[in-house]
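Remarks on the overall topology
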Amino acid sequence: MSAENYGRFRDLLRRGEFRGALALAEEECMRRGGNDVFWLNQQALARMRMGCPEKAIRLSEQALALDPRNAYAMVCRADALRELGKTTEAIAGYEEAARFEKTAPRARKGLLECFATGHEWSNILVRLAEWGLPEMEAAPWRIKALGALGRNDEALEVCRKWLQLQPDHPSALWELVRLEIEKEGLAVVRDRYGKLARIPSRPPVYGEIHASLCARSGQVDEAASQYARLERSAASPRLKRKEAFLMARNMREKEAIPIMEELLRIDPRDMYIHSSYQAACGRIGGIPRAVNFYRELLAIHPDERSLHGRIRKLQRKLEGQG
């Protein structure tokens, strides 16, 4: 294995260039005679990222035929089986991969996800106890399982312990809020986090929670104001994204569309923003604007070839309206 080429492979995956990563893995495998277990596993990983689990299974099985005890091939095959909904087979694969120290963390996560898919909440609690995972690693799963079993007071206690270990941890706070709403009601929890969000020393997550709860309560203006305050203190595409979806859901397209355009200039691959943007433009007769915007976006990002298809599709809609 070339450390330099593996570094290039990982970098391509991080950048979302999955086809490039696959081509590199295929080239490296062929340079070694076409039967290199390591690079077969990397091909399987790239295929998974491309949304091709069937091809990933074939590559993993090819690797296992060469090395039946290769734990990485086992866990990759199990991941692909789970993606295809073959949960029973995936569980068997994860169980085998969990016996190897180097793949145990990934295999255990896969097992927990399989159990959650099958609503096997008690099994999750049993496994967490068996494995003795660190509290912060086990907490999200324990909370989910306890909540699903109706043991909300126990789930709340786990949340509070998690927050003692990691004060203001965003995931722990969101779980806590969900459980508090079930126990106390939306209005009570919304008002509580409104007060917490106004404390200057509190991190931005409290403002995000308050904005989300306002949106759920139908207080759209208050939610928008909260997002605007957060953006002034820390310009964040993630926050703008939430604001854009809030506006679009509440039929405030004229406010949503410019925000979405700003976001697409930053990330022209955001499929969810594209979908919401085109729908918002369609609702207010803004398809000509969308066509012009996509042409502008293509000039900024000439390598983003999917924009050609979006432009053609919108032009066909315009022709149909004419």
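This report concerns the structure included in the present document.

Parameters at a glance
Residues numbered from 1 in each chain as written. Predicted model: local features only at pLDDT ≥ 70, side-chain atom pairs only at ≥ 80, totals over all residues. Heavy atoms only, no water. Helix = DSSP H or I, 4+ residues; strand = E, 2+ residues; numbered from the N terminus. Buried < 20%, exposed > 50% of the residue type's maximum accessible area, 1.4 Å probe, protein only. Areas by Shrake-Rupley, 256 points an atom, 1.4 Å probe, with all protein chains shown as cover. Axes fitted to C-alpha atoms, helices over the stretch in contact; angles between N-to-C directions. Parallel < 35°, antiparallel > 145°, perpendicular 65-115°, else oblique. Left-handed = near helix turned anticlockwise from the far one by under 90°. Contact = heavy atoms within 4.5 Å. Core = buried A, V, L, I, M, F, W, Y, C linked by side-chain atoms within 4.5 Å. Expected span 1.5 Å × (residues − 1). Arc of directions from axis to C-beta. Salt bridge = Lys/Arg side-chain N within 4 Å of Asp/Glu carboxyl O. Phe/Tyr/Trp six-rings, centres within 6.5 Å; stacked < 30°, edge-to-face > 60°.

1. A word on the overall build of the protein
Of regular secondary structure, the protein possesses 19 helices and zero strands. For the C-alpha atoms alone, the extent of the protein along its principal axes is close to 60 × 55 × 35 Å. Counting over 322 residues, the protein shows a buried share of 45%. When the accessible surface of the protein is split by element, carbon and sulfur atoms take 50% of a total near 17200 Å².

2. A word on the packing of helix H9 (residues 135–148) against helix H10 (residues 152–165)
In a pair of packed helices, the angle between the axes and the distance between the axes together describe the arrangement. Across the interface, H9 lies against H10 with an axial gap of 8 Å and an inter-helix angle of 160°. The angle between H9 and H10 falls in the class roughly antiparallel. Remark: the crossing between H9 and H10 carries left-handed chirality. Here Glu135, Met136, Ala139, Pro140, Arg142, Ile143, Leu146 and Gly147 of H9 come into contact with H10, specifically with Asn152, Glu154, Ala155, Val158, Cys159, Trp162 and Leu165.

3. Regarding unusual backbone geometry
Backbone geometry follows two general trends: most residues other than glycine have a negative phi, and most peptide bonds adopt the trans configuration. In this model, Asp168 sits at a positive phi of 65°, which is unusual for a non-glycine residue. Residue position: Asp168 is located in the loop between H10 and helix H11 (170–184).

4. Some details on the nonpolar core
Core analysis: the largest hydrophobic core is formed by 71 residues, its most contacted members being Phe9, Tyr94, Ile124 and Tyr193. If you tally residues by element for this core, the top one is helix H5 (residues 71–83), at eight residues. Residues contacting Tyr94, with those up to four places away along its chain left out, are Val75, Ala78, Asp79, Arg82, Ala107, Gly110, Leu111 and Cys114. One finds Ala211, Tyr277, Val291 and Leu307 within the second-largest nonpolar core, a separate group that totals 32 residues.

5. A closer look at helix H1 (residues 3–14)
Look at H1: 16 Å from first C-alpha to last across twelve residues, which is about the 16 Å you get at 1.5 Å a residue. Within H1, burial applies to Asn5, Phe9, Leu12 and Leu13. All buried residues of H1 lie within an arc of 100° about the axis, which places them on one face of the element. Away from its buried face, by an angle of more than 90 degrees, H1 presents the exposed residues Ala3, Glu4 and Arg14. With its phi angle positive at about 80°, Gly16 sits one or two positions after the end of H1.

6. Examining the pattern of salt bridges
Counted by the stated rule, this structure contains 31 salt bridges. The partner of Arg142 in a salt bridge is Glu135, and the shortest N-O contact between them spans 3.7 Å. Residue classification places Glu135 among the partly exposed positions, given a relative accessible area of 31%. The salt bridge involving Arg151 is made with Glu154; its shortest N-O contact spans 2.8 Å. Overlapping salt bridges bring together Asp11, Arg14, Arg15 and Glu17 as one network.

7. Looking at the environment of Glu61
In this structure, Glu61 sits in helix H4 (residues 53–66). By relative accessible area, which is 37% here, Glu61 ends up partly exposed. For the pair Glu61 and Asn41, spaced 20 residues apart in sequence, the C-alpha separation works out to 9.6 Å.

8. Digging into the packing of aromatic side chains
Per the stated rule, a full pass over the model turns up eight aromatic pairs. A ring pair is formed by Tyr6 and Phe38, whose centres lie 5.3 Å apart and whose planes are at 70°; its orientation type is edge-to-face. Here Tyr6, found in helix H1, pairs with Phe38, found in helix H3 (residues 37–49); they are 32 residues apart in sequence, far enough to count as distant. Under the relative-accessibility criterion, Phe38 is labelled partly exposed at 26%.

9. Describing H4
With 14 residues, H4 extends 20 Å from end C-alpha to end C-alpha; this agrees with the ideal 20 Å at 1.5 Å per step. Among the residues making up H4, those that are buried are Pro53, Ala56, Ile57, Leu59, Ser60, Ala63 and Leu64. Looking at the packing, one finds that the buried side of H4 touches H3 and H5.

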